[in-house]
Amino acid sequence: MKKTLFVLLLSLLVVTAYVHAENGYDLWLRYKKIEDPTYLNLYRKSIAGIHINAISPTLLVAKKELEMGLSGLLGAPIKEVGAQTDNALIAGTPSSSPVIKSFLEKEKIKTGQEGFAIYSQTINNKKLILIAAETDLGVLYGVFHFLKLLQSHQSIQSLSTISIPKIQRRILNHWDNLNRSVERGYAGISIWNWHTLPDYIDKRYIDYARANASIGINGTVLTNVNASSLVLTDPYLEKVKALADVFRPYGIRVYLTAKFSAPVEIGRLKTADPLNPEVIEWWKHLCDKIYKMIPDFGGFLIKANSEGQPGPQGYGRTHADGANMFADILAPHGGIVMWRAFVYDARVQRRGEHFEEGKKDVAGESIASADRFKQAYLEFKPLDGKFKENVLIQVKNGPIDFQPREPFSPLFGAMPNTQLMAEFQITQEYLGQATHLVYQAPLYKECLDADTYAYGRGSTVAKITDGSLKKHKISAIAGVANIGNDINWTGHLFGQANWYAFGRLAWDHTLSSETIAEEWIRQTFGNNPKVLQPIQQIMMASREAAVNYMTPLGLHHIMGTGHHYGPAPWVENAGRADWNPVYYHKADKKGLGFDRTATGSDALSQYAPEVRKQWENMKTCNIEYILWFHHVPWNYTLSTGRSLWDELCFRYYSGADTVKWMQDIWTTVKAYIDEERYNHVRQLLNIQHKEAKWWRNACLLYFQTFSELPIPSHYEAPDKTLEYYKSLRFPHAPGINGNL
Ligand code: BDP
């Protein structure tokens, strides 16, 4: 008897532990049984069973997902029913289902290549829910949308939704190396286990595909932009093919990074000159091979003549020559070239060289007016209109490098005859890496909604990226992934929200950050308002807080060298002038900030007159960008009524205080979520608060050596000296090659 009781108790314990164990692996696709009886009964009543004629691999995975999702959410296995059953849920395309066919025809609904329609219909006196699309992939997207409605307690009574993505290619960029280290990755090692591929298909690959499909991501670049040509060799292509086969039913195409020097490195040619016939032939042969193995291969992402990567300029050719060579080869296969505009090499002096008045750099620009900010525009604008139809120029959101806040890159408004795609960073290289909670939708939106004025008012970065302004043929958007093999995928649980937000905005850039946060929270933590509201508040405040405790008022690039972890505004000895924080903040006795007006580097001249006009005047320049464009005197009175120095103190302190507030708010959700995830976030918020104060103290003490002004006495004084902060070293900080 005792023994039975013990076994019973033990199994109960195991079950409870299982039920409550939430390590984050399931992402936003948790499909837990709906607890609220009102919704549970309503949904059970409205869905008698499902009807999907799974005639293709994509419809099959859609069916499986629906079965898994509904069984989980409704707490009982879902039945398959006939199409004539009252309350049947029917999902399909015109080829898989006559009901769907006549519905789409009757309603004249067009869903295109990837869109879907979800409608409540009464047909022959039977109430039906239809998930209809012209393509199988549209059905899969519709299924995920429908499951989201249930997970987030939405009404499914009178459905009439049509959803079509605004951007065609919604792509993750993995900066993953073949040795499984991840450049700027903070969530473990790469999820691609190259060693066991192609024979071993990790369940993660499938769950990765499900997660991406659920938010509409339809492409993945598997390898680092700092590329290895090895991935283009036969054994690796076999592995790439295995992944492509896994992802195909989920509508995800595989892309690779192509190292420009591959013909020399693995092809034994003497040159990689893009105009050399042998080189062209070599790439052509390679691409023929790839497409035989992977017929839907997406194409190449290329980082060339940037940060030491080889490129066409090494052969006296232009970016256009390089990109077009690939374009011609990929075109017959339907592939595209994503050519990155992240370049800043040519015109900045190396260490030991000095600015010399009148000296000209390679492009004829005076070196004294050099500014890394201007480089991409200077190199790419002259090439506008010179790229082939299947080339996209991939432009980082800002002109420098994924800083906590950047103005939009001037290139977005400068190339009317070129397809431009925006690149965002999901991984938080400069945003606290994987220990800070920073919800990035507001950052993405700030850029996407920015008006370039290039083609009149309303020429937003979003409309340039989605191709609608200039009626471009191909549109795309990229996000640098924050995914690794950590159990919860992203290191910080809230990193998942950034992956989610990128996908949602790639699908529909008009969604608000609040809406996306709400969707994510409901699916990730449940629908209790006592969870939803506080977490949404935390998320919405988090990005501005990070800007304030790291780089307020337009400061940028003042982080530690190499690993980019923590503050180091004092660094002045890095290998290139423009790797040094001092190059960017230009603090001196007079003031702070980079003069990019006509009296300075004149980078502002790269923007449309409307934008330039606003930002070139210290009085009208948004305070958030002021130090991006002006060298502001310490005692200058800003629009807030405070002097620059006082405002700087105010922002640094309020940034760190906001993190304290986030910690307090987080404690209020304790009773309503599982212990595991509660404690995970609680501990990381402690780190974030500690590091926010570190940033604040180190930066203020350093800038104080120039301003010579006191930190107002009502603030808590820094508890360490500037020397202490300067002495800190982090040789094993994660995210740089070799540091796994
Ligand atoms: C910078 C990263 C570096 C990347 C580079 C890039 O520090 O690791 O290789 O961007 O985008 O942000 O190519």
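Definitions and limits used
- Residues numbered from 1 in each chain as written.
- Predicted model: local features only at pLDDT ≥ 70, side-chain atom pairs only at ≥ 80, totals over all residues.
- Heavy atoms only, no water.
- UniProt positions renumbered as here; feature names shortened; annotations may be inferred.
- Axes fitted to C-alpha atoms, helices over the stretch in contact; angles between N-to-C directions.
- Helix = DSSP H or I, 4+ residues; strand = E, 2+ residues; numbered from the N terminus.
- Parallel < 35°, antiparallel > 145°, perpendicular 65-115°, else oblique.
- Left-handed = near helix turned anticlockwise from the far one by under 90°.
- Contact = heavy atoms within 4.5 Å.
- Nonpolar A, V, L, I, M, F, W, Y, C, P; charged D, E, K, R; others polar.
- Expected span 1.5 Å × (residues − 1).
- Buried < 20%, exposed > 50% of the residue type's maximum accessible area, 1.4 Å probe, protein only.
- Pairing = 2+ DSSP bridges.

The chain has the name Xylan alpha-1,2-glucuronidase in an unreviewed UniProt entry, where Niabella digestorum is given as its organism. The Sequence similarities (unreviewed entry) field of the UniProt record for the chain holds the comment "Belongs to the glycosyl hydrolase 67 family."

A. Local environment of the packing of helix α16 (residues 529-550) against helix α20 (residues 644-667). One can describe the packing of α16 onto α20 by two numbers: an axis separation of 8 Å at closest approach and a directional angle of 155 degrees. In terms of axis orientation, α16 runs roughly antiparallel to α20. Here α16 and α20 pass one another in a crossing that is left-handed. For the pair formed by α16 and α20, the contact residues are Pro534, Ile535, Gln537, Ile538, Ala541, Ser542, Ala545, Asn548, Tyr549 and Met550 on the first element and Arg651, Tyr652, Ser654, Gly655, Ala656, Thr658, Val659, Trp661, Met662, Ile665 and Trp666 on the second. Of the residues in the contact of α16 with α20, the class split is 14 nonpolar, six polar and one charged.

B. Here's a closer look at the environment of Ile535. Tracing the backbone shows Ile535 in helix α16. Linking Ile535 and Met662, residues 127 residues apart in sequence, is a C-alpha distance of 8.9 Å. In this structure, Ile535 is in contact with Phe494, Ile521, Phe525, Trp666 and Val669, ignoring residues within four places of it in sequence.

C. Inspection of helix α7 (residues 234-247) at higher detail. Compared with an ideal rise of 1.5 Å per residue, which puts 14 residues at 20 Å, α7 spans 20 Å between its outermost C-alpha atoms and is within 8% of the ideal. Along α7, the residues classified as buried are Tyr236, Leu237, Lys239, Val240, Ala242, Leu243, Ala244, Val246 and Phe247. Tucked into the core, α7 has its buried residues touching α6 (203-214), β7 (219-221), β8 (253-257) and α9 (277-293).

D. Here's a closer look at the sheet that holds strand β13 (residues 476-480). With parallel pairing, the eight strands of this closed barrel are ordered in space as β6-β7-β8-β9-β10-β11-β12-β13. Here the average twist between neighbouring strands, direction ignored, is 25 degrees. Relative to β8, β7 runs parallel, the two sharing three bridges. Each residue of the ladder has a partner; that of Gly219, found in β8, is Arg253. Running over the sheet, helix α14 (residues 495-507) touches β6 (169-173), β12 (420-425) and β13 and is turned about 155 degrees from β6.

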